[in-house]
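Coordinate analysis (summary)
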There are 2 protein chains.
Amino acid sequence: MDKPTILTGDRPTGPLHIGHYLGSLRNRVALQDSHRQFVLLADAQALTDNMNDPARVTRNVDEVALDYLAVGLDPAKVTICLQSQLPALSELTLLYLNLVTVSRLERNPTVKDEIQARGFARDIPAGFLCYPVAQAADITAFRATVVPVGEDQLPMIEQTNEIVRRLNRQTGRNLLPEVTALLSDFGRLPGIDGKAKMSKSLGNAIALSASDEEIRRAVRMMYTDSNHLRVSDPGRVEGNVVFTYLDAFDPDKAELDELKAHYQRGGLGDTVLKQRLEAILLSVIAPIRERRAAHAATPDTVRDIIRDGTMRARVVTQQTLDWVKSGLGLYSF
Amino acid sequence: MDKPTILTGDRPTGPLHIGHYLGSLRNRVALQDSHRQFVLLADAQALTDNMNDPARVTRNVDEVALDYLAVGLDPAKVTICLQSQLPALSELTLLYLNLVTVSRLERNPTVKDEIQARGFARDIPAGFLCYPVAQAADITAFRATVVPVGEDQLPMIEQTNEIVRRLNRQTGRNLLPEVTALLSDFGRLPGIDGKAKMSKSLGNAIALSASDEEIRRAVRMMYTDSNHLRVSDPGRVEGNVVFTYLDAFDPDKAELDELKAHYQRGGLGDTVLKQRLEAILLSVIAPIRERRAAHAATPDTVRDIIRDGTMRARVVTQQTLDWVKSGLGLYSF
């Protein structure tokens, strides 16, 4: 039990794709022996901007859990749990909301960006404004000390540590541990059209359940260098989606470097590159897809895994809540 | 079980006073046979502006429970329960926060007034901004259809019904009942110095545990008409605190009307009025104080009453949470 504790998770708003795999899932699998890990199906957080269609969130809980099992997360090693079934998270959130001012929440860069991206303007749901505090509740409830994040989520870690320090200062002791961000090696994988955000709804994603044919089609459609018209032309590597994907997934970095040089001086066609990428992606996704299909055939087992994990998570999060309340001197029976 | 359900409660930030008795407690006792009643010790809400001193809230939970028993609330008829021990309230609050916009919360007149009164300016704790939603969660969790309030709390009822209607519209059925405000007969009782707000911290309150001597002193200090210098002078009844208290507590309205007329034409001294009021207040408070002292002698019993009520309230509030979640189609095991 001396392993550091990690919290990871996803908003179940759709099945996960290869971008999730690269940026996060692969790393979780790599850490599942060295770390104590909780993986949160963040359905309550997904409701902060999906309250018009809660069924969409419900539907995707099982899908995302399937993705977890498909990539090789092992429920004997990691605890997969469902946020909305952990009341201590709600209780901690409401407690922490008293420690954070409205103007502090409005200054959160992630919240600001997301508000703009979603077009909420002044009609932000209050739950959406408050979600960084809910995330702080999640992280601290599991007493996580390490949270793998992208650059864009660093403000969330900062908000969490502000709350932790405030509680520790007020109670005069080390009530909760501060948390460290673990930045992922890869930035965000772009969509096959080169757009920064890959998503199922934009039609530019490769799902973890993609068939061979879907993978082939996606690679065929993938953006390269629009000025690279003839094989003999010199081509650009930067911003070339195929190379971005090869950087992410090609195990032979030396050969990849040679291909880049060849492409840049001219004489290397997109087709060769795409065939290479296609083969790599097929080999990455095929075992994931097969494990996914196997688990999908036993939905009751998947639900049992979620339920068992949630029950274990309930104990841990309730302990933290009790600990924080008693540290603050709140009433208890 | 066909009785209408009432929710009442208090923020446990200090022992209750005679203003609470007049405006609310007396009425709760009167309704305890005709209504199913939950009385909420709102310690979680009290934390929204007492997070610097949670111990103050904790300390006053038992004090306020004692006040309840002292005025004659009967735990066999009403359910006295502790807000922070009812996780379903937090869960419903977070769910409802997704249905209410930040600008709607900022427009809440009660919140606006209170923000000003507390000098929060832009540094409003997020929990404070959100408390009308927490109140909506409280009211609906108990499936209350009647909530006794003062005029100033009508916006809270409005906010609750907005959420109820939104849920009912979205789910296409009568998921939750709308709630009706029960306006109290008396407005707010002023402090003995004539200030609109009576509070222990202002030193202008008469506690429900006040001794005879404290009551006498309070009545002696009470403001009358500062221009009524000699007994023979005509005096003012409006804004005269002694008459305000007599209006509230004197059972003999006919005689009181005669006294008012006499006072207005001159010839009636403050001393006569104050003696009358003193006798009345002594007779109102003496039995309350005695019951309070008797209960205070058995603190374990008081804690048992709170715990038993809270356990019963847990069942009711959890049922509502399950009902709302299942109505919205949220994930359940």
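Presented here is a report on the structure given in the accompanying data block. (Residues numbered from 1 in each chain as written. Chains lettered and ligands numbered in written order. Predicted model: local features only at pLDDT ≥ 70, side-chain atom pairs only at ≥ 80, totals over all residues. Heavy atoms only, no water.)

Quick word on the overall build of chain A
For chain A, the count of helices and strands is 14 helices and five strands. Over its C-alpha atoms, taken along the principal directions, chain A stretches across nearly 75 × 45 × 40 Å. Per-residue burial for chain A yields a buried fraction of 55% across its 333 residues. Here chain A has roughly 14,400 Å² of accessible surface; of this, 51% comes from carbon and sulfur atoms. Averaged over its 40 positive side-chain charges, chain A has a centre that lies 3 Å from the centre of its 42 negative ones. (Helix = DSSP H or I, 4+ residues; strand = E, 2+ residues; numbered from the N terminus. Buried < 20%, exposed > 50% of the residue type's maximum accessible area, 1.4 Å probe, protein only. Areas by Shrake-Rupley, 256 points an atom, 1.4 Å probe, with all protein chains shown as cover. Lys, Arg positive; Asp, Glu negative; His and termini not counted. Charge placed at Lys NZ, Arg CZ, Asp CG, Glu CD.)

Side note on the relation of the copies chain A and chain B
Once turned by 180° and shifted 0.0 Å along the axis, chain A lies on chain B with an RMSD of 0.1 Å. Such a turn and shift between the copies fits a two-fold axis. When the interface residues of chain A are mapped onto chain B, 100% of them again fall at the interface, so both copies present the same face. (Least-squares fit on C-alpha atoms with pLDDT ≥ 70 in both. Contact = heavy atoms within 4.5 Å.)

Details of the side chain of Asn 98 of chain A
Along the chain, the position of Asn 98 of chain A falls in the loop between α4 (87–97) and α5 (102–107). Each residue touching Asn 98 of chain A, except ones within four places of it in the same chain, is listed here: Leu 47, Thr 48, Met 51, Pro 125, Gly 127 and Phe 128 of chain B.

Observations regarding the packing of α4 of chain A against helix α4 (residues 87–97) of chain B
When two helices pack together, their arrangement is given by the angle between their axes and by how far apart the axes lie. For the pair α4 of chain A and α4 of chain B, the least separation of the axes is 8 Å and the interaxial angle reads 70°. Our classification of the angle between α4 of chain A and α4 of chain B gives roughly perpendicular. The segment α4 of chain A lies against α4 of chain B, with Pro 87, Ser 90, Glu 91, Thr 93, Leu 94 and Leu 97 of chain A engaging Pro 87, Ser 90, Glu 91, Thr 93, Leu 94 and Leu 97 of chain B. Looking at the contact of α4 of chain A with α4 of chain B residue by residue, the classes come out as six nonpolar, four polar and two charged. (Axes fitted to C-alpha atoms, helices over the stretch in contact; angles between N-to-C directions. Parallel < 35°, antiparallel > 145°, perpendicular 65-115°, else oblique. Nonpolar A, V, L, I, M, F, W, Y, C, P; charged D, E, K, R; others polar.)

Describing the pairing of strand β4 (residues 146–149) of chain A
Residue and element names in this part refer to chain A. Both β4 and strand β5 (residues 180–183) contribute to a ladder of four bridges, which runs parallel. When the bridges of β5 are listed, Val 149 appears paired with Leu 183. With helix α9 (residues 154–171) bridging β4 and its parallel neighbour β5, the resulting β-α-β unit is right-handed. (Pairing = 2+ DSSP bridges. Right-handed = clockwise from strand over helix to strand, strands pointing away.)

Some words on helix α14 (residues 299–328) of chain A
In this model, α14 of chain A (30 residues) spans 43 Å end to end at C-alpha, consistent with the 44 Å of a helix rising 1.5 Å per residue. Gly 329 of chain A sits one or two positions beyond α14 of chain A and adopts a positive phi of about 80°. (Expected span 1.5 Å × (residues − 1).)

Side note on the environment of Lys 253 of chain A
All names here are of chain A. As for its placement among the helices and strands, Lys 253 is situated in helix α12 (residues 253–265). Since its relative accessible area comes to 40%, Lys 253 is described here as partly exposed. For the pair Lys 253 and Ser 326, spaced 73 residues apart in sequence, the C-alpha to C-alpha distance is 54 Å. Setting aside residues no more than four positions away along its own chain, Lys 253 makes contact with Leu 246 and Asp 247. From its side chain, Lys 253 meets the backbone oxygen of Asp 247 in a polar contact 2.9 Å long. (Polar contact = N/O pair within 3.5 Å; in protein donor to acceptor, adjacent residues only side chain to side chain.)

Examining the state of the cysteines
Following the criterion strictly, the structure yields zero disulfides over all chains and no others. Cys 130 of chain A takes part in no disulfide bond, and the closest cysteine sulfur, belonging to Cys 130 of chain B, lies 4.0 Å away. (Disulfide = S-S within 2.5 Å.)

Side note on the environment of Asp 225 of chain A
Residues and elements named next belong to chain A. Within the secondary structure, Asp 225 is located in the loop between α10 (212–221) and α11 (241–249). Judged by relative accessible area, which is 10%, Asp 225 ranks as buried. When the C-alpha positions of Asp 225 and Ile 124 are compared, they lie 39 Å apart, and in sequence the two are 101 residues distant. The residues contacting Asp 225, other than those within four sequence positions of it, are Gly 235, Arg 236, Asn 240 and Tyr 263. There is a polar contact of 2.9 Å between the side chain of Asp 225 and the backbone nitrogen of Asn 227.

Overview of the interface of chain A and chain B
Of the residues lining the interface, 52 residues belong to chain A; the matching set on chain B comes to 52 residues. Around 4,400 Å² of area is buried between chain A and chain B when both sides are counted, 62% of it from carbon and sulfur atoms. Three residues stand out in chain A for area buried against chain B, namely Met 51, Tyr 331 and Phe 333 of chain A, and they jointly supply 21% of the buried area on that side. At the boundary of chain A and chain B, one finds zero salt bridges. Across the contact surface, chain A and chain B share 23 residue pairs in polar contact (both at pLDDT 80 or more). (Buried area = accessible area lost by both parts, 1.4 Å probe. Salt bridge = Lys/Arg side-chain N within 4 Å of Asp/Glu carboxyl O.)

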